[in-house]
Amino acid sequence: MLKILLPTDGSPRSLDAVHHAIHLVTCGLKARFVVANVQSPANLYEMVVAHDPNVIEKVSIAAGHDLMRPALKLLHAAGLQAEQEVASGDPVHLLQEILENHSCEAVIVSARGRSDSQELSPGSVAKGLMETCAVPVTLVKPPPAQGGD
């Protein structure tokens, strides 16, 4: 059974990758998933205000779990289970660590995350994973826009 990393930032666009993963399973792929979220490290203001690094870490972990909730809800609704991982720091580096720690054999990632940019090129995290991962990375583009623009 293939183990696949699904990075998510909680944005609707990041769920494109989850929908694609579910589609692959409905087509017969035997897979299990690791849903991951990487939080930005605390900035100086947050460190000064919080006074306690443990508080910052707890808030960061809680925020990561909150942002993963939509992806997990979709997977669970499809009858699929997933492991969860939250980290804080450089997304590309930490997603690679998560991939290795969980022995993932593939990555499915949305081409664009939180950015609303209409650029055709992949986002920085997707591009970084494509360039550095030793396992296959599937890049999922957003569905075509509906309506007559």
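Preceding block: the structure.
Numbering of residues starts from 1 in each chain and follows the order in which that chain's sequence is written. Where local features are concerned, this predicted model is filtered to residues with pLDDT of at least 70; where side-chain atom pairs are given and counted, the filter is 80 or more; whole-chain, interface and lining totals use all residues. Here the side-chain values reflect all heavy atoms present in the structure, with hydrogen atoms and water set aside.

Q: When you look at unusual backbone geometry in this model, what are you seeing that I'm missing?
A: It is generally the case that most residues other than glycine have a negative phi and that most peptide bonds are trans. Its identity as a non-glycine residue notwithstanding, Ser103 has a phi of 55°, on the positive side. Each helix is a run of DSSP H or I of at least 4 residues and each strand a run of E of at least 2, with the numbering of both proceeding from the N terminus. With respect to the helices and strands, the residue Ser103 is situated in the loop between helix H4 (91–101) and strand S4 (106–110).

Q: Where do I start with the pattern of salt bridges in this structure?
A: Two side chains carrying opposite charge are able to pair once their charged atoms lie near each other. What counts as a salt bridge is simple: a side-chain nitrogen of Lys or Arg found within 4 Å of a carboxyl oxygen of Asp or Glu. What the rule picks out here adds up to 2 salt bridges. The shortest N-O distance in the salt bridge between Glu83 and Lys3 comes to 2.8 Å. Of the two residues, Glu83 is situated in strand S3 (residues 82–88) and Lys3 in strand S1 (residues 2–7); the sequence distance between them amounts to 80 residues. Ionic pairing is found between Asp66 and Arg69, a salt bridge with its closest N-O pair at 2.4 Å. Taken as a pair, Asp66 and Arg69 lie in helix H3 (residues 53–77) at a separation of 3 residues, close to a single helical turn. Taking the relative accessible area as the measure of exposure, Asp66 reaches 42% and is therefore partly exposed. Burial classes: relative accessible area under 20% of the type maximum marks a residue as buried, over 50% as exposed, and values in between as partly exposed (1.4 Å probe, protein chains only).

Q: Whenever I open this one, the sheet that holds strand S5 (residues 137–140) confuses me. Can you help?
A: Within a sheet, each strand pairs with its neighbour through backbone hydrogen bonds, oriented either parallel or antiparallel. Reading across the sheet, the 5 strands line up as S3-S2-S1-S4-S5 and stay open at both edges, with parallel pairing between neighbours. Edge positions in the sheet fall to S3 and S5, since each has one partner strand and no second. Neighbour-to-neighbour, the strand axes of this sheet turn through a mean angle of 25°, independent of strand direction. At least two DSSP bridges between two strands are needed for those strands to be called paired. Here S4 pairs with S5 via 4 bridges, running parallel. From the neighbouring strand, Ile108 faces S5, where its bridge partner is Thr138. Contacts were defined at the residue level, with two residues in contact if any of their heavy atoms lie within 4.5 Å. Axis lines are fitted to C-alpha atoms, over the contacting stretch for helices. Their N-to-C directions set the angle, which ranges from 0 to 180 degrees. Sheet strands in contact with helix H1 (residues 15–26) are S1, strand S2 (31–39), S4 and S5, and its direction is about 135° off that of S4.

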